[in-house]
Amino acid sequence: MQVNIKNLIDDVQCYKTVRELRWPDGIVCPPCQSKHVIKRGFDDTEPARQRYECTDCHTRFDDLTDTIFAGHHQPLKVWVLCLYFMGLNVSNEQIAQELDVDLSDAQQMTTQLREGIIKKSQK
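Model, not experiment: these values are computed from the prediction.

A.B. asks: Even after reading the chapter, I still don't get the packing of helix α1 (residues 11-22) against helix α2 (residues 76-87), so can you show me in this structure?
C.D. replies: Each pair of packed helices can be described by the angle between their axes along with the distance between the axes. Where α1 meets α2, the axes come as close as 9 Å, and the angle between the chain directions of the two elements is 70°. The pairing of α1 with α2 is recorded here as roughly perpendicular in orientation. Once α1 is placed against α2, the crossing between them reads as left-handed. Across the interface between the two elements, D11, C14, Y15 and V18 of α1 pack against L76, K77 and V80 of α2.

A.B. asks: When you look at the state of the cysteines in this model, what are you seeing that I'm missing?
C.D. replies: By definition, a disulfide links the sulfur atoms of two cysteines through a covalent bond. Evaluation of the coordinates by the stated rule reveals zero disulfides. The thiol sulfur of C32 is not disulfide-bonded, and the nearest other cysteine sulfur, from C54, lies at 3.6 Å.

A.B. asks: Could you clarify how one ought to interpret the packing of α2 against helix α3 (residues 92-99) in this entry?
C.D. replies: With their axes 10 Å apart at the nearest point, α2 and α3 run at an angle of 140° to one another. Here α2 runs over α3; the crossing is right-handed. On α3, the residues touching V78, L81, C82, F85 and M86 of α2 are I95, E98 and L99. For the contact of α2 with α3, the residue count by class is seven nonpolar, no polar and one charged.

Criteria and cut-off values
Residues numbered from 1 in each chain as written. Predicted model: local features only at pLDDT ≥ 70, side-chain atom pairs only at ≥ 80, totals over all residues. Heavy atoms only, no water. Axes fitted to C-alpha atoms, helices over the stretch in contact; angles between N-to-C directions. Helix = DSSP H or I, 4+ residues; strand = E, 2+ residues; numbered from the N terminus. Parallel < 35°, antiparallel > 145°, perpendicular 65-115°, else oblique. Left-handed = near helix turned anticlockwise from the far one by under 90°. Contact = heavy atoms within 4.5 Å. Disulfide = S-S within 2.5 Å. Nonpolar A, V, L, I, M, F, W, Y, C, P; charged D, E, K, R; others polar.

Any functional reading would require information that these geometric values do not contain.
This is how it looks when you write it as structure tokens:
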């Protein structure tokens, strides 16, 4: 019997962990850095992904805004597992096989993870 490791990872816990690591002192608006932020429901396609609105600049954002995870077709738990396998020094080929993704996707993900989770602002 083969177990799909992606089924062992909880989406809610992944998003909770991202929030805790990204904003250890509370949610902050990515553009203006204000802490005056209110919750605005959840994403339609990913129910564990919280949406927010800044009451100062009125920007709407979510847990993944301005991170390397935003705008990709792979779910957050696949990224988390990829990072886990990288920590075990698993090859891109093995990561692709374990996560059931194309090798090119695994290579792109590992490259981006090595470069950093949060996008650096342009000066």
